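Structural characterization, general
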Amino acid sequence: MNKPLVALLLTAFALPALADRFPLPKSAAFEEECTSCHIAYPPQLLDAASWRALMNGLPKHFGTDASMDEARRRAITDFLVKNSGRRASRDANGKPALRISETAWFRHEHDEVAPATWQRAAIKSPANCAACHTQAAAGDYRERGIRIPK
Ligand code: HEC
Ligand code: HEC
């Protein structure tokens, strides 16, 4: 093989395909408990350690109480861990990130969004995926579905 071709192949394998669609595996418990306050965040966007940490802190869930009975909590934890992403999700201190929006991957993917844009009244928070990704509730983050509200 010639050198440029080898280099090209190496690059292709080194870069994981950037997924933009995350089909939601079926889980009645997850849908009932985790989609009333916000969209169904794709389980694929945090790793297993992050989901475990998040599910261990439900009474203090980002300023709200999202606790539930223990059987449900365990079932949803299993569901999230089983469908979690393989890319490590760590926060700035190297701990399992509790937010998709604080992972290095997220910051990189959104580096073209200006700090002031996140503050707009129609957006308010990077956690508000559906403000810009119009098909986020269906797990579709493709570029064609993005509309940044003014
Ligand atoms: C009582 C309302 C409520 C329920 C129920 C709830 N959440 Fe949340 N969740 C929130 C709030 C509020 C935030 C913070 C939103 C913000 O920062 O704008 C949040 C944020 C999150 C985030 C971080 C989003 C990001 O990347 O910034 C994840 C992940 C998450 N929730 C997962 C879950 C899961 C899993 C469940 C079910 C076990 C759940 N939530 C149930 C209210 C809730
Ligand atoms: C302020 C609007 C905005 C918000 C809110 C937002 N995004 Fe994005 N997102 C963008 C833009 C702009 C891009 C870059 C599009 C590009 O260059 O292809 C992007 C890219 C992405 C991509 C890559 C898509 C691709 O084509 O490869 C994913 C996945 C994604 N965002 C997920 C999320 C998730 C999950 C949330 C919520 C936790 C979120 N985004 C919140 C605007 C936003």
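Anyway, here's the lowdown on the structure attached to this text.

Conventions we followed
Residues numbered from 1 in each chain as written. Chains lettered and ligands numbered in written order. Predicted model: local features only at pLDDT ≥ 70, side-chain atom pairs only at ≥ 80, totals over all residues. Heavy atoms only, no water. Near = heavy atom within 4 Å. Polar contact = N/O pair within 3.5 Å; in protein donor to acceptor, adjacent residues only side chain to side chain. Helix = DSSP H or I, 4+ residues; strand = E, 2+ residues; numbered from the N terminus. Nonpolar A, V, L, I, M, F, W, Y, C, P; charged D, E, K, R; others polar. Donors = N, O, S within 2.8 Å, 3.2 Å for Na, K, Ca; no water. Tetrahedral: all angles 85-135°; square planar, octahedral: opposite > 155°, others 65-115°. Buried < 20%, exposed > 50% of the residue type's maximum accessible area, 1.4 Å probe, protein only.

**Remarks on the site of ligand 1**
In the vicinity of ligand 1, 22 residues are found, and the nearest of them are Cys-34, Cys-37, His-38, His-61 and Ser-101. Take His-38: an N or O atom from its side chain is 2.7 Å from a nitrogen atom of ligand 1. Between His-61 and ligand 1, the recorded distance is 2.8 Å, taken from a side-chain N or O atom to a nitrogen atom. Sorting the residues of the shell around ligand 1 by element identifies helix H2 (28-34) and helix H3 (48-55) as the ones contributing at least two each. In terms of residue count, H3 provides more of the shell around ligand 1 than any other element does, three residues in total. Of the residues assigned to the shell around ligand 1, the class counts are 13 nonpolar, six polar and three charged.

**Thoughts on the coordination of the iron atom of ligand 2**
Distances from the iron atom of ligand 2 to its protein donors, namely His-110 (NE2) and His-133 (NE2), fall within the range 1.9 Å. Coordination geometry of the iron atom of ligand 2: the six donor atoms subtend angles of 88 to 179° at the metal centre, consistent with an arrangement described as octahedral. Pair noted here: His-110 is in the loop between helix H5 (104-109) and helix H6 (115-118) and His-133 is in the segment after helix H7 (129-132), with a separation of 23 residues, a long-range link. For His-133, a relative accessible area of 13% translates into the label buried.

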